[in-house]
Amino acid sequence: MNRLLKYHLYIIGFLALTAAALWINWNCPPNYDEAHAWNIARYLSPAEIFAVSKTEGHPFLWYFLLMPLAKFNFLYPYALYFLNLILILSAFYLLYKYAPFPTYIKYLITFSAPFLQLYTAFARSYSLTILLLFTALALYPKRHQKQLFYLFTLFLLANTNLIGIFLTLSLGCIYLFENLQNYYSSAKQNFRPLFYTLNFALIECLFLILQFYDYDRNIPQYTPISNSLQLDITKALAPLNIYTYTALFIYSLILFIKNHAYSAFFLLITFYTQLIILFTSIYHGAIHHHLFLYIGFIAAFWLSASNRTLTKTTFLPLALVASALIFNPNIQFKLKDKAYLYQLESSAHAINRFFPQDSHQQLLVLEHFDANIILPYLNDNITLLNQTMTDFTTLKAFNESLYHMYIPINRYTIIGAINTKPDILLYRSCGRNFYQNELLTFNLKYRLNDKYCIYTINSRF
């Protein structure tokens, strides 16, 4: 009993996070972003993943981590969900063990909606970002004793996503400044830490250049904007409004200065500045991006308490934000998408039944989102083609994905393909059993479910 009481935080926290992940993901297909990353890891080589980063906007690390599972399509989608849960539980193990917070703060963070209702179930690179950020923060007090390990963690963090790059830039600048300060203030100048830091920074720059150099600026950017940034941030941090959060932010900065926690001050200022520039000038973002304002807040307080003893009242802003986010009604990941996702999964299983593995069938799928979600469920004998008649599993198709979301369908390309491959069938949402336009005729062949059907296509020429 005493042992249970001693580890109550681990037991209750891990059970809550695991139960939340099971509740949200149970029998629920992955959404587009999750399935798309799985498909990239499954069908592309490591070199091709470096090439596709130019259009995907994400570095290589998440795809590489998925590869051992995705190459064999192992237990999809449960292996994907399990991997994400392991990453989050590992991150919280580090939080529980190393974060210099009072126990009640750790409970509040655990039960806050961003973790309990979003990142625990959202199987994307953001869970990896959280784990590597918490690893860097756990290493921070011994960063000078474990230089290579700390720098390697920052290198990995920078290769998760753009937000990981921002966090690495802030933490890396702090570490570089410390090494410069130590080098010039010490009687016995030791250049090795500075040498390591500069070389890791150079290596990371080379990796980013390899992945993102020669980006095609003509590629349409899929960044739907439904609200103002102020409203989006307010929704992410509800029930706090933007003014209350700004007041807590400023109060936190004053606390950091008062406690001489200049690294925490620098981290919070620079990371927030980078996020605001991102959301206003580059990519509007979604709620899972905006909630990194909260995660950056946690990181700053973690950093502020490293290597120093602070009073419990110092953590009041973090306690208030974490408490408020427990009741955020806007974080309801996947709930609104479930009916749509179920229909897509159902249609994929129906396709497998209609086209057994001893046959081969090519399906034209004009909706890129639908194709990516159904693709991992399909047998190998089914080939999906996009509107340019490119196999969805190729590098060319992944590079063209954003074009397909915006550029009108070229019906003459379809006509040319039908004339050479008359057995191609069309996968689309159900409509009339027979319809035609000035170029093509369509006949219903299979009704997969209430939403999706397969049609034959014939040219009228």
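A brief report on the enclosed structure follows.

Definitions and cut-offs
Residues numbered from 1 in each chain as written. Predicted model: local features only at pLDDT ≥ 70, side-chain atom pairs only at ≥ 80, totals over all residues. Heavy atoms only, no water. 1 Å grid on protein atoms, 1.4 Å probe; cavity = no way out; pocket = protein on both sides within 12 Å on 5 of 7 lines; lining within 4 Å. Points joined across faces, edges and corners; volume = space filled by probe spheres on them. Helix = DSSP H or I, 4+ residues; strand = E, 2+ residues; numbered from the N terminus. Nonpolar A, V, L, I, M, F, W, Y, C, P; charged D, E, K, R; others polar. Salt bridge = Lys/Arg side-chain N within 4 Å of Asp/Glu carboxyl O. Buried < 20%, exposed > 50% of the residue type's maximum accessible area, 1.4 Å probe, protein only. Disulfide = S-S within 2.5 Å. Pairing = 2+ DSSP bridges. Axes fitted to C-alpha atoms, helices over the stretch in contact; angles between N-to-C directions. Contact = heavy atoms within 4.5 Å. Parallel < 35°, antiparallel > 145°, perpendicular 65-115°, else oblique. Left-handed = near helix turned anticlockwise from the far one by under 90°. Polar contact = N/O pair within 3.5 Å; in protein donor to acceptor, adjacent residues only side chain to side chain.

The space that makes up the second largest pocket amounts to roughly 370 Å³. Considering the residues around the second largest pocket, the lining is formed by 17 residues, among which Thr168, Leu169, Gly172, Ala201 and Glu204 are closest to the centre. Elements with a contribution of two residues or more to the lining of the second largest pocket: helix H10 (147-158), helix H11 (162-185) and helix H12 (192-212). Here the lining of the second largest pocket is built from residues that sort into 13 nonpolar, three polar and one charged.

Applying the stated criterion across every chain, the model contains four salt bridges. The salt bridge partner of aspartate 33 is arginine 124, with a shortest N-O separation of 3.5 Å. Here the residue aspartate 33 occupies a position in helix H3 (residues 32-43), and arginine 124 occupies one in the loop between helix H8 (113-119) and helix H9 (125-139), the gap between them amounting to 91 residues. Residue classification places aspartate 33 among the partly exposed positions, given a relative accessible area of 28%. Residue classification places arginine 124 among the buried residues on the basis of a relative accessible area of 10%. Two residues, lysine 396 and glutamate 400, come together in a salt bridge whose shortest N-O distance is 2.5 Å.

What the rule picks out here adds up to one disulfide. Across the disulfide from cysteine 430 sits cysteine 453; the S-S distance is 1.9 Å. Its S-S torsion of about 95° marks the bond between cysteine 430 and cysteine 453 as right-handed, since a negative value means left-handed. Highlighted residues: cysteine 430 in the loop between strand E3 (425-429) and strand E4 (434-436) and cysteine 453 in strand E6 (residues 452-459), separated in sequence by 23 residues. For cysteine 453, a relative accessible area of 0% translates into the label buried.

So, on to unusual backbone geometry. Following tyrosine 76, the chain continues into proline 77 via a peptide bond in cis, with omega recorded as 5°. Of note, proline 77 is situated in the loop between helix H5 (61-70) and helix H6 (78-98). The omega torsion of the bond from alanine 238 to proline 239 falls at 10°, within 30 degrees of zero and hence cis. For proline 239, the position within the fold is in the loop between helix H13 (229-236) and helix H14 (242-258).

Strand order in this open sheet of six strands is E2-E1-E3-E6-E5-E4, and the pairing throughout is mixed. Pairing within the sheet leaves two strands with one partner each, and these edge strands are strand E2 (382-385) and E4. Taking each pair of neighbouring strands and ignoring which way they run, the sheet shows an average axis angle of 35°. Bridge count between E3 and E6: five bridges; the pairing is antiparallel.

In this section: the side chain of arginine 42. Within the secondary structure, arginine 42 is located in helix H3. Contacts of arginine 42, omitting those with residues within four sequence positions, involve Ala70, Lys71, Asn73, Leu375, Pro376 and Asp380.

Between helix H17 (residues 292-305) and helix H18 (residues 316-325), whose axes approach to 10 Å, the crossing angle comes to 150°. Accordingly, the angle class assigned to the pair H17 and H18 is roughly antiparallel. Crossing geometry of H17 relative to H18 is assigned as left-handed. Across the interface between the two elements, Tyr294, Phe297, Ile298 and Phe301 from H17 touch Pro317, Leu318, Val321, Ala322 and Leu325 from H18. Partitioning the contact of H17 with H18 into residue classes produces nine nonpolar, no polar and no charged.

With that settled, consider the side chain of threonine 383. Structurally, threonine 383 can be placed in strand E2. Looking at threonine 383, its side chain comes within polar contact range of the side chain of histidine 360, at 3.0 Å. Not counting the four nearest positions on each side in its chain, threonine 383 is found in contact with His360, Gln361, Gln362, Leu363 and Asp391.

None of the figures reported here should be taken as evidence of function without further support.
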